[in-house]
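# Results of the structural survey
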Protein chains: 2
Amino acid sequence: MDSSVPLIPQLAAHIVAAGGKRLRPVLTLASAKLCGYSGARHINLAACVEFIHTATLLHDDVVDESELRRGQASANAVFGNQASVLVGDFLFARAFQLMVADGSLKVLDILSRAAATIAEGEVLQLATQNDLSTSDAKYLEVIQGKTAALFAAACQVGAVVADRPEAEERALAEYGMALGIAFQLVDDALDYAADQATLGKTVGDDFREGKITLPVLVAYHAGDLEECEFWRRTIEEGAQADDDLETALRLIARHGAIQATLDRATAFAADAKRALATFPPGGLRESLMAVADYTVNRVR
Amino acid sequence: MDSSVPLIPQLAAHIVAAGGKRLRPVLTLASAKLCGYSGARHINLAACVEFIHTATLLHDDVVDESELRRGQASANAVFGNQASVLVGDFLFARAFQLMVADGSLKVLDILSRAAATIAEGEVLQLATQNDLSTSDAKYLEVIQGKTAALFAAACQVGAVVADRPEAEERALAEYGMALGIAFQLVDDALDYAADQATLGKTVGDDFREGKITLPVLVAYHAGDLEECEFWRRTIEEGAQADDDLETALRLIARHGAIQATLDRATAFAADAKRALATFPPGGLRESLMAVADYTVNRVR
């Protein structure tokens, strides 16, 4: 994060200090270890993964006009949108510099592809915003791109540094992809179900932005005429009154939409665990399986 | 620019259709030819250079809230800030994918470093905004980062694909760096001197944003007490009235600040031409020298 331009380490330190789960870099470290890797390359590559993630967070918060991130004021709220966009660009470029220093074209291939896929997923999300005719499949395509692609890449890179056979690379990429989908499904459920103080961001953000997520799609498709009219006004037209979030939460509860979303997440987490079957039982494999369970049971 | 997400090629096509000089990719093509290269790699790498440039334009226009780019409505004005940020990210990632497909770690090193330097230059510009105590040296550091670094990299990549000795690489990088500084100096002069219809963007944008550029620094340092007060109010405090741009133009003219800026540009263009002395005289060398002359004589 270092730079001769002080605002860069200042802003980057702000986002690092706010904490976060560091799930993606941990996946790179654990995947490398699972593949029996004993060198040190996985550490810098895990940092690349986290830099790419951080760059997308900085840009997301600008795009979403978020004011909270991980329970703290977001970087754009403190330093402004301009600095957030530019420091995001810097971290993204630095990630590629770190990968170049590592020297593996295969790693560069995996992470540059993931970076393009993330951007595609984010643009697709923007295109589906406010659009209740979005299919479940399209929604899954969005979260696969914006979230799961980097989980998959983070895991795959671990197998690549260990120089393991293609089958293990593929197994770890599949694990990461299913895990990432489960993770985002839970994120989308928490946005309507979490305790604000625990969540670290504002409950109802997705609702206010008219984001199309599974809890809304489930409630919308199960709703009666009056309910559909409510969703059309609040999500499609964005005409929201003060008590509309409360109504949305009630309708989502009435149709069990949170549980339905968590059930989908549980199924993807099970897929993730199954993908690890190719590895021998033992410490790290069980830890990665526990990560899949944690992903669906977390409250923030 | 292709993607299964339609908004991406749509927005990218908008910015491509608006034209532009395509100076940076031309530098890669011409540098490769100057070095006697006869393959086809320089074409994709020139595209990488233009993608990186386009990504920074998209982000710049969001950061600057610009409404015009190359005489057309800017992408953010047509598609919104969100799409501009994300499609910029996409093009940036695509540039790295193209470089990975090309397979040269050296090229990846040069262009990832340039990308980081551009972001640093942009952040430094943001940090100097509204600050009249910015030194000429700091201003030069800004434009070297935000503009000249990519010119230098674009030229250097041409020598790298031709597999030429370090001395030729360095000569082309020096040419690009000096050319890029000259180019930005002229840009900053045109922002106060150009004919609006010819310029393709709004005259006075830099003034309204409180950007610290050489024309302002020259006029400010040569100004009397009343003039300094004018610059402090308009640039530092950003308290601008309708006729302030006109006053700024008059003060800049009074102190010959446009000419002083263009003189600096001419000196850098001469440096650029001198850097080419290591190459044998002839067609492409003279063309690149002509580019240096064009850079200081252009009206847009």
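All of the points below concern the structure found in this document. None of the values given here were measured: they were computed from a predicted structure.

What counts, and at which threshold
Residues numbered from 1 in each chain as written. Chains lettered and ligands numbered in written order. Predicted model: local features only at pLDDT ≥ 70, side-chain atom pairs only at ≥ 80, totals over all residues. Heavy atoms only, no water. Helix = DSSP H or I, 4+ residues; strand = E, 2+ residues; numbered from the N terminus. Rg over C-alpha atoms; globule rule 2.2 N^0.38 Å. Buried < 20%, exposed > 50% of the residue type's maximum accessible area, 1.4 Å probe, protein only. Contact = heavy atoms within 4.5 Å. Areas by Shrake-Rupley, 256 points an atom, 1.4 Å probe, with all protein chains shown as cover. Lys, Arg positive; Asp, Glu negative; His and termini not counted. Charge placed at Lys NZ, Arg CZ, Asp CG, Glu CD. Axes fitted to C-alpha atoms, helices over the stretch in contact; angles between N-to-C directions. Parallel < 35°, antiparallel > 145°, perpendicular 65-115°, else oblique. Nonpolar A, V, L, I, M, F, W, Y, C, P; charged D, E, K, R; others polar. Polar contact = N/O pair within 3.5 Å; in protein donor to acceptor, adjacent residues only side chain to side chain. Buried area = accessible area lost by both parts, 1.4 Å probe. Salt bridge = Lys/Arg side-chain N within 4 Å of Asp/Glu carboxyl O. Expected span 1.5 Å × (residues − 1). Left-handed = near helix turned anticlockwise from the far one by under 90°. Least-squares fit on C-alpha atoms with pLDDT ≥ 70 in both. Phe/Tyr/Trp six-rings, centres within 6.5 Å; stacked < 30°, edge-to-face > 60°. Lys NZ or Arg CZ within 6 Å of the ring centre and 35° of its normal.

## A few points about the overall build of chain A
- The helix and strand tally for chain A stands at 15 helices and 2 strands.
- Taking 2.2 N^0.38 as the reference for a compact globule, 300 residues should give roughly 19 Å; the C-alpha atoms of chain A span a radius of gyration of 19 Å, in line with that estimate.
- The C-alpha extent of chain A, read off along each of the three principal axes, is 60 × 50 × 30 Å.
- Looking at the 300 residues of chain A, the share that counts as buried comes to 59%.
- Taking the contacts inside chain A whose residues are at least 6 apart along the sequence as the reference set, 72% of them involve residues at least 24 apart.
- If you sum the accessible surface of chain A, you get close to 11,500 Å²; carbon and sulfur atoms cover 52% of it.
- Within chain A, the 41 negative side-chain charges are centred at a point lying 7 Å from the centre of the 27 positive side-chain charges.

## Here we look at the packing of helix α1 (residues 7–17) of chain A against helix α5 (residues 81–102) of chain A
All names here are of chain A.
- Contact geometry for α1 and α5: axes closest at 10 Å, N-to-C directions at 95°. Comparing their axes, α5 and α1 come out roughly perpendicular. Residues L7, I8 and L11 of α1 touch α5, and the partners they reach there are A83, S84, V87 and F90.
- Split into classes, the residues belonging to the contact of α1 with α5 amount to 6 nonpolar, 1 polar and no charged.

## Observations concerning the side chain of A:S74
Residues and elements named next belong to chain A.
- Turning to its location among the elements, S74 is positioned in the loop between β2 (72–73) and α4 (75–79).
- Taking relative accessible area as the criterion, S74 reaches 1% and is therefore assigned buried.
- A distance of 2.8 Å separates a polar atom in the side chain of S74 from a polar atom in the side chain of N76.

## Brief notes about the interface of chain B and chain A
- Taken together, the contact pairs 35 residues of chain B with 35 residues of chain A.
- Interface of chain B and chain A: buried area, both sides summed, is about 3,400 Å²; carbon and sulfur atoms make up 76% of it.
- Counting the surface chain B buries against chain A, the share from its top three residues, B:L86, B:E120 and B:V123, is 17%.
- One can count 0 salt bridges joining chain B with chain A.
- Taken together, the connections running from chain B to chain A amount to 4 residue pairs in polar contact (both at pLDDT 80 or more).

## A closer look at unusual backbone geometry
All names here are of chain B.
- Phi angles above zero are rare outside glycine, and R22 is one such case at about 55°.
- Tracing the backbone through its elements, the reader meets R22 in the loop between α1 (7–17) and α2 (23–34).
- Among the residues examined, R22 registers a relative accessible area of 29% and is labelled partly exposed.
- In the Ramachandran plot, D163 falls in the positive-phi region, its phi being about 60° despite a non-glycine side chain.
- Turning to its location among the elements, D163 is positioned in the loop between α7 (136–161) and α8 (166–193).
- Since its relative accessible area comes to 67%, D163 is described here as exposed.

## Brief notes about α2(B)
Residues and elements named next belong to chain B.
- Compared with the 16 Å implied by 1.5 Å per residue over 12 residues, the 16 Å span of α2 between its first and last C-alpha is a close match.
- Among the 12 residues that make up α2, 9 are buried, leaving the element largely enclosed by the rest of the structure.
- L23, R24, P25, L27, T28, A30, S31, A32 and L34 are the residues of α2 that are buried.
- Buried positions along α2 lie against α3 (41–64), α7, α8 and α15 (283–297).
- Note on α2: the residue one or two positions beyond its end, G36, has a positive phi of about 80°.

## Remarks on the packing of helix α8 (residues 166–193) of chain A against helix α15 (residues 283–297) of chain A
Residues and elements named next belong to chain A.
- Taken N-terminus to C-terminus, the directions of α8 and α15 make an angle of 20°; their axes are 8 Å apart at the nearest point. Considering their axes alone, α8 and α15 lie roughly parallel with respect to each other. Considering how the two elements wind past one another, α8 and α15 form a crossing that is left-handed. Between α8 and α15, the residues in contact are Y175, L179, A182, F183 and V186 and L288, V291, A292, T295 and V296, respectively.
- Along the lines of polarity and charge, the residues of the contact of α8 with α15 split into 9 nonpolar, 1 polar and no charged.

## Regarding the relation of the copies chain B and chain A
- Screw-axis analysis of chain B against chain A gives a translation of 0.0 Å along the axis, an RMSD of 0.0 Å, and a rotation angle of 180°. The superposition operator between the copies reduces to a two-fold rotation axis.
- Residue by residue, 100% of the interface of chain B is reproduced at the interface of chain A, so both copies engage with the same surface.

## Focus: the pattern of salt bridges
- Taken as a whole and assessed by the stated rule, the structure comprises 36 salt bridges over all chains.
- Between B:E209 and B:K211 there is a salt bridge; the shortest N-O distance is 3.5 Å.
- Taking relative accessible area as the criterion, B:E209 reaches 17% and is therefore assigned buried.
- Note on B:K211: relative accessible area 10%, which makes it buried.
- Taken together, the salt bridges that share partners define one network made up of A:K106, A:E166, A:E169 and A:R170.

## Here we look at the packing of aromatic side chains
- Tallied over the entire structure, the rule returns 12 aromatic pairs over all chains.
- For the ring pair B:F230 and B:W231, a centre distance of 5.2 Å and an interplane angle of 75° mean the geometry is edge-to-face. In this structure, B:F230 and B:W231 share a single accessibility class: buried.
- One aromatic cluster is present, formed by A:F92, A:F96, B:F92 and B:F96 through successive ring pairs.
- One Lys or Arg, A:R298, reaches over the ring of A:F183 and ends 3.9 Å from the middle of that ring.

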